[in-house]
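# Chain and residue survey
If you want the building blocks of each chain, they are given just below.
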Amino acid sequence: MPSGGDTCSAAGVTCDQQYKEGAEHHLSKRSGAVGVVGAPLCYGQDKPGTKRGADAIRSSGFMEGLRNLGLKVTDYGNLNFIEFQRDPLCGAGEVQVLHSRAVGDATKKISAAVKRALQDNGACVNLGGDHSMTIGTFHGHAQVP
């Protein structure tokens, strides 16, 4: 979230205001509930700190912030991911995928968890993890009408 009151596309509304109003409006207007899924995934890149992201976000007061918006929060905890012993690079030339088997397995788990959280709550927030968690997040959303 940008800070310092940067102006967004909405006329006269700062990014901070738009974020707060948007979060309050979009989450609470749906069902008043949100499911939180931890995806401590670090296989899509080579920086191991991303694996600690979900826990760090929780410990920062994020969950309490959601509750302060008037939301009923269900925390589904962190997903467990498999680290494959043999998971070679895939691709050719400059385009190579790290840990493709581990990311593929994680994608399935993330998708199922997002689908469940959406069905139970109407809204889902994923805490990660590296950028590769996005594939499962999108797929989970696509499974719920």
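Residue numbers run consecutively from 1 along every chain, following the written order of its sequence. In keeping with the model being predicted, local features are shown solely for residues with a pLDDT of at least 70 and side-chain atom pairs are shown and tallied solely at 80 or more, while totals for entire chains, interfaces and linings include all residues. To get the side-chain values, take all heavy atoms of the structure and skip hydrogens and water.

## Quick look at the overall build of the chain
Defined as follows: Only DSSP runs of H or I covering at least 4 residues are called helices, and only runs of E covering at least 2 are called strands; the numbering of each starts at the N terminus. For every residue, the accessible area obtained with a 1.4 Å probe (protein chains only) is divided by the maximum for its type, and the residue is called buried under 20%, exposed over 50%, and partly exposed between those limits. Pairs of residues are marked as contacts when any of their non-hydrogen atoms sit within 4.5 Å. Here the Shrake-Rupley method, with its probe set to 1.4 Å, supplies the accessible areas, and only the displayed protein chains count as covering residues.
What the chain contains, in helices and strands, is 5 helices and 5 strands. For the chain, the N- to C-terminal ordering of α and β elements is α-β-α-α-β-β-β-α-β-α. Put simply, the chain has 145 residues, and 34% of those count as buried. Put simply, of all contacts in the chain between residues at least 6 apart along the chain, 66% involve residues at least 24 apart. Counting every atom, the chain has about 8,700 Å² of accessible surface; 54% of that belongs to carbon and sulfur.

## Describing the side chain of Ser132
Positionally, Ser132 belongs in the loop between β5 (124-128) and α5 (133-142). Among residues more than four places away in sequence, those in contact with Ser132 are Leu41, Gly44, Val103 and Thr107.

## A few points about unusual backbone geometry
Going from Gly128 to Gly129, the amide bond is cis rather than trans, its omega being 15°. Following the sequence through the fold, Gly129 ends up in the loop between β5 and α5. Backbone geometry at His99 places phi at a positive 50°, although glycine is not the residue there. Mapping His99 onto the fold places it in the loop between β4 (95-97) and α4 (100-121). Overall, the relative accessible area of 32% leaves His99 in the partly exposed class.

## Regarding α4
Note that an α-helix has 3.6 residues per turn; residues three or four places apart therefore point the same way. Rule in force here: One less than the residue count of a helix, multiplied by 1.5 Å, gives the span that helix is expected to have.
The terminal C-alpha atoms of α4 lie 31 Å apart, and with 22 residues this matches the ideal 32 Å at 1.5 Å per residue to within 8%. Every buried residue of α4 is listed here: Ala102, Val103, Asp105, Ala106, Thr107, Ile110, Ser111, Ala113, Val114, Ala117, Leu118 and Asn121. Packing partners of the buried residues in α4 comprise β1 (33-39), β2 (72-78), β5 and α5. Gly122 sits one or two positions beyond α4 and adopts a positive phi of about 90°.

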